[in-house]
Amino acid sequence: MATNEKMKEANQEDYREEREPLEPSTPTDTATLSSEGLKPGVHEREQWSRKIDFLLACIGFSVGLGNVWRFPFLCYRNGGGAFLIPYFIAVIFGGIPMFFLEVSLGQFMSEGGTGTWKISPLFQGIGYACAVVVFLLNCEYNIILTWAFYYLFSSFTSVLPWSNCDNEWNTPECHVDHRQISKSVNNATTDNATMTYSNMSVFASTVSSLSAVASNVTNSAKITDPVTEYWERKVLGLSDGVGAPGYIKWDLCLCLLLAWIVVYFCIWKGIRSSGKVMYFTATSPYILMFILLIRGVTLEGASDGLKFYLVPDFSRLQDPQVWVDAGTQIFFSYSIALGTLTALGSYNKFNHNSYRDTYIFATVNSFTSILAGLVIFSILGFMAKRQGVSVEEVAESGPGLAFIAYPEAVSQMPIAPFWSCLFFSMVILLGLDSQFVGVEGFITFMVDLYPQVFRKGYRREILIGVVCVICFLVGLSMVTEGGMYVFQLFDYYSASRIVLVVAFFECMVVSYVYGANRYQDNLEMMFGFRVSKVVKYMWMIFTPIFTMTIFIMGAITYSELSYERKFITYQYPKWAIMVGWTLALCSVVLVPIVFVYRLFKQEGTVSRRFMEATKPILKKHQIRIGEDLSKINLVGDSLDQNYPDISGLSPDSVMQLEGKDIYCENNEFSPA
């Protein structure tokens, strides 16, 4: 008995030593062994330096510009405070279950990309689909940072260039008080038929003076404003359509190059260096938001904007589009089905409590969205009051909010350049960590796919450089004179509602192919406690139903892409729509392609092929107590040499461990 106890203690000590982080090796920081068994010269796989690094990375990646320019607009358009009802229902049934599923999968498998889906190799196409989606998003998203850098540099002046019409790019139709002029012309035209003869001379003189101001406009008061002209004529140099790309705008090209250089140096040394960057990029936007909020609520008219944003209109809940908007907003703001969350989770220690982090993340994400709405609409209320119009007339979403509505509001504030610099610094910081963590997610996919190739020497750093260069070259198509039309194609189709389909597959594979009960046992192995059964039923029933319902409702309300400008709505040609659908389908089509390929590689009947292709590829420390070894493919792992030797067991054996050791949060052992 004493001998057994000594052997037990010796094994525990050896196991503890292997689990302790190793010293970093050059040139790449490392902390834990690769899941594939290392060969000489191959660097070890990285791990987060601190527990909070993972949480900050998730917040930095998912909490971004969508919280600032999409959520507030959806909130006011869909019933104000009433929109929070479908929003939080979507959080419960879609956001939290899917976020936890993805990060815990990455943590359990200690791999990103396709490696995560070794739990069912037949469906590894999900990993490829996510990689394609995140690559396309990386190409597109940095364009927003490009515009933000451009506006930030333009703000270092005593007078903001979009605050007046005295610049070379302005047209004769440009007027600072454009809304009052347009309103006056329209009111005068409307009242013309009801005016008496005695007032006719007054009306004639009024219309005459207004017509002189808008002499080039017919049938309507097409008065432009300096902010829109700066955006379309100076920044974008906007052409007539997607078929007229024009020249590359070299000022934007240089800003795009700067954005990619910043991204490269944020992640080139791996997740340990990017984790340190995240301490600044993930937290400082909140400081800037609070400063902007304090300034916003002290402005005249701020209360009107906040009422417009928050006062509930419960009748809007009867509109199905409100529920579609709530569902898609959650999936976009939580970055579901992009593969990056599994990549971030894969750098956690095996026993990290990502279950707790999930709820912290959900709270921070929703808080940020509501806070951003307060910041935005307090300023828009001030602008509406200043111009004598309703808040609805100045409210916009997407790039229109960040680069037209908000700059216009800022230009009317005292010390305008200072507030402009503050706002665009916030935009850059919000977007920067989303961008470089997205690139890190794609790099993780590539490195885990070919670890023996990219974990040698400086190959990982070279790979990051190559990926950044390729994305930069793709992005050049979006900094031409027709670049905005290309950007809209990427933005509308590349991720769109396809992520809902991918999320549906993820739930079904884990719940019904790998097994929800088996995965719940695996989670208990990691955390040391049993996760609530509610989570399991979410994955099995409610979340798949929710995702497909939102997808079907969105498909019913689908409309082809158009680009709304100030006076015209540009309709994309059929060939451009086909390009957009190609971007949308090039990711999700990989799921059935890999499915068929995996089946083809197996032998026997169709049912036999399916059973063999769905066997999870697990390591010894991932096997639960009582596991039927005939239903898994076991691979060796040097991490697990202190576990019982099961290599000699027959395929029909059942793993029986009465006191299996669990690696706990405090690096000590406890019986299962």
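Residues numbered from 1 in each chain as written. Predicted model: local features only at pLDDT ≥ 70, side-chain atom pairs only at ≥ 80, totals over all residues. Heavy atoms only, no water.

Secondary structure summary: the protein contains 27 helices and six strands in total. For the protein, with 672 residues in total, the buried portion stands at 57%. When contacts within the protein are restricted to residue pairs at least 6 apart in sequence, those whose partners lie at least 24 apart make up 80%. Of the roughly 27800 Å² of accessible surface on the protein, a fraction of 62% belongs to carbon and sulfur atoms. (Helix = DSSP H or I, 4+ residues; strand = E, 2+ residues; numbered from the N terminus. Buried < 20%, exposed > 50% of the residue type's maximum accessible area, 1.4 Å probe, protein only. Contact = heavy atoms within 4.5 Å. Areas by Shrake-Rupley, 256 points an atom, 1.4 Å probe, with all protein chains shown as cover.)

Turning to the packing of helix H10 (residues 250-267) against helix H19 (residues 416-449), a few remarks are in order. H19 packs onto H10 with a crossing angle of 60° between their chain directions and a minimal axis gap of 9 Å. The angle between H10 and H19 places the two elements in the oblique class. For the element pair H10 and H19, the recorded crossing hand is right-handed. Here Trp260, Val262, Val263, Cys266 and Ile267 of H10 lie close against H19, whose contacting residues are Leu432, Gln435, Phe436, Val439 and Glu440. Here the residues of the contact of H10 with H19 sort into eight nonpolar, one polar and one charged. (Axes fitted to C-alpha atoms, helices over the stretch in contact; angles between N-to-C directions. Parallel < 35°, antiparallel > 145°, perpendicular 65-115°, else oblique. Left-handed = near helix turned anticlockwise from the far one by under 90°. Nonpolar A, V, L, I, M, F, W, Y, C, P; charged D, E, K, R; others polar.)

Together, Tyr512, Tyr537, Ile541, Phe542 and Ile545 make up a nonpolar patch on the protein surface, roughly 490 Å² of accessible area in all. Considering every element that reaches the nonpolar patch, the biggest residue donor is helix H24 (residues 533-556), with four residues. Its place among the elements puts Tyr537 in helix H24. Taking the relative accessible area as the measure of exposure, Tyr537 reaches 38% and is therefore partly exposed. (Patch = residues over 30% accessible without salt bridge, like charges linked within 9 Å, V, L, I, M, F, W, Y side chains within 5 Å. Salt bridge = Lys/Arg side-chain N within 4 Å of Asp/Glu carboxyl O.)

The topology assignment puts Met508 in helix H23 (residues 498-527). Residue classification places Met508 among the partly exposed residues on the basis of a relative accessible area of 27%. Remark: the alpha-carbon pair of Met508 and Pro544, spanning 36 residues in sequence, is separated by 7.3 Å. Those residues within four positions of Met508 in sequence are excluded, and the remaining contacts are Val513 and Pro544.

Okay, the nonpolar core next. Of all hydrophobic cores here, the largest spans 195 residues; its most connected members are Trp147, Trp231, Val235, Ile336, Phe403, Tyr519 and Tyr572. At 20 residues, H19 tops the list of elements feeding residues into this core. (Core = buried A, V, L, I, M, F, W, Y, C linked by side-chain atoms within 4.5 Å.)

Attention shifts here to helix H5 (residues 84-109). Between the first and last C-alpha of H5 there are 35 Å, a value that for 26 residues agrees with the 38 Å anticipated at 1.5 Å per step. Most pronounced at Val91, the bend in H5 amounts to some 45°. With respect to burial, H5 is a largely interior element, 20 of its 26 residues being buried. At the C-terminal side of H5, Ser110 shows a positive phi close to 55°. (Expected span 1.5 Å × (residues − 1). Bend = angle between axes of the 7 residues up to and from the residue.)

All chains considered together, the criterion is met by 17 salt bridges. Across the pair Glu46 and Arg460 runs a salt bridge whose closest N-O atoms are separated by 3.9 Å. Taken as a pair, Glu46 in the loop between helix H1 (2-19) and helix H2 (51-62) and Arg460 in helix H21 (residues 459-475) lie far apart in primary sequence, 414 residues in all. Across the pair, exposure class does not vary: Glu46 and Arg460 are buried alike. One connected set of salt bridges, linked through shared partners, spans Arg518, Asp521, Glu524, Arg530, Arg624 and Glu627.

Here the focus is the environment of Phe454. Its location among the elements puts Phe454 in helix H20 (residues 451-454). When the C-alpha atoms of Phe454 and Val42 are compared, they prove to be 8.3 Å apart, with 412 residues separating the residues in sequence. Setting aside residues no more than four positions away along its own chain, Phe454 makes contact with Met446, Val447, Arg459, Arg460 and Leu463.

Moving on to the packing of aromatic side chains. Scanning all chains against the criterion turns up 54 aromatic pairs. Through pairs of rings, three or more aromatic residues link up here, namely Trp147, Tyr151, Trp162, Trp169, Tyr230, Trp231, Phe403, Tyr406, Phe423, Phe424 and Phe487. For Lys269, the ring lying beneath its charged end belongs to Trp268, and the centroid distance is 4.8 Å. The ring of Tyr514 has Arg518 sitting right over it, with the charged end atom 4.8 Å from the ring centre. (Phe/Tyr/Trp six-rings, centres within 6.5 Å; stacked < 30°, edge-to-face > 60°. Lys NZ or Arg CZ within 6 Å of the ring centre and 35° of its normal.)

Attention shifts here to the state of the cysteines. Summed over all chains, the structure comprises one disulfide. Disulfide pairing places Cys165 opposite Cys174 at an S-S distance of 2.0 Å. One quick way to see it: the torsion about the S-S bond of Cys165 and Cys174 is about -65°, and its sign makes the bridge left-handed. (Disulfide = S-S within 2.5 Å.)

With respect to the helices and strands, Pro312 occurs in the loop between helix H13 (302-310) and helix H14 (320-333). Considered as a pair, Pro312 and Gly80 are 232 residues apart in the sequence and their alpha carbons are 4.7 Å apart.

What follows deals with the side chain of Asn138. With respect to the helices, strands and loops of the structure, Asn138 is situated in helix H6 (residues 125-154). With a relative accessible area of 4%, Asn138 lands in the buried category. Here Asn138 is in contact with Trp260, Gln435, Gly438, Val439, Phe442 and Cys471, once residues within four sequence places are set aside.

Our next topic: helix H9 (residues 226-235). In terms of residue burial, H9 counts as a mostly covered element, since eight of its 10 residues are buried. Taken as a whole, H9 has its buried residues at Pro226, Val227, Thr228, Glu229, Tyr230, Trp231, Glu232 and Val235. Where H9 is buried, its residues touch H6, H10, helix H18 (399-411), helix H22 (483-493) and strand E1 (562-564). Its side-chain oxygen placed 3.2 Å from the backbone nitrogen of Val227, Asp225 serves as the N-cap of H9. Downstream of H9 by one or two residues, Gly237 has phi in the positive range, about 55°. (Polar contact = N/O pair within 3.5 Å; in protein donor to acceptor, adjacent residues only side chain to side chain.)

This brings us to the confidence of the model for the protein. Of all residues in the protein, 81% have pLDDT values of 70 or greater, and the mean over the chain is 81. The secondary structure element of the protein with the lowest average pLDDT is strand E6 (residues 669-671), at 34, and the one with the highest is H21, at 95. Predicted confidence for residues 10-36 stays below pLDDT 50, and this span has 73 contacts to residues more than four positions away or in other chains. Here residues 188-221 is modelled with pLDDT under 50, and outside its nearest four sequence neighbours on either side it reaches 18 contacts, counting other chains as well. (pLDDT = per-residue confidence, 0-100.)

A few words on unusual backbone geometry. With phi around 55°, Ser110 is a residue other than glycine that occupies positive phi space. Residue Ser110 is classed as partly exposed on the basis of its relative accessible area, which comes to 21%. Phi at Ile415 takes a positive value of approximately 55°, unusual for a residue other than glycine. Within the secondary structure, Ile415 sits in the loop between H18 and H19. Using a relative accessible area of 62% as the deciding quantity, one classes Ile415 as exposed.

This part takes up the side chain of Thr547. Tracing the backbone through its elements, the reader meets Thr547 in helix H24. For Thr547, a relative accessible area of 0% puts it in the buried group. Leaving out residues up to four positions away in the same chain, Thr547 has contacts with Phe331, Leu500, Ala503 and Phe504.

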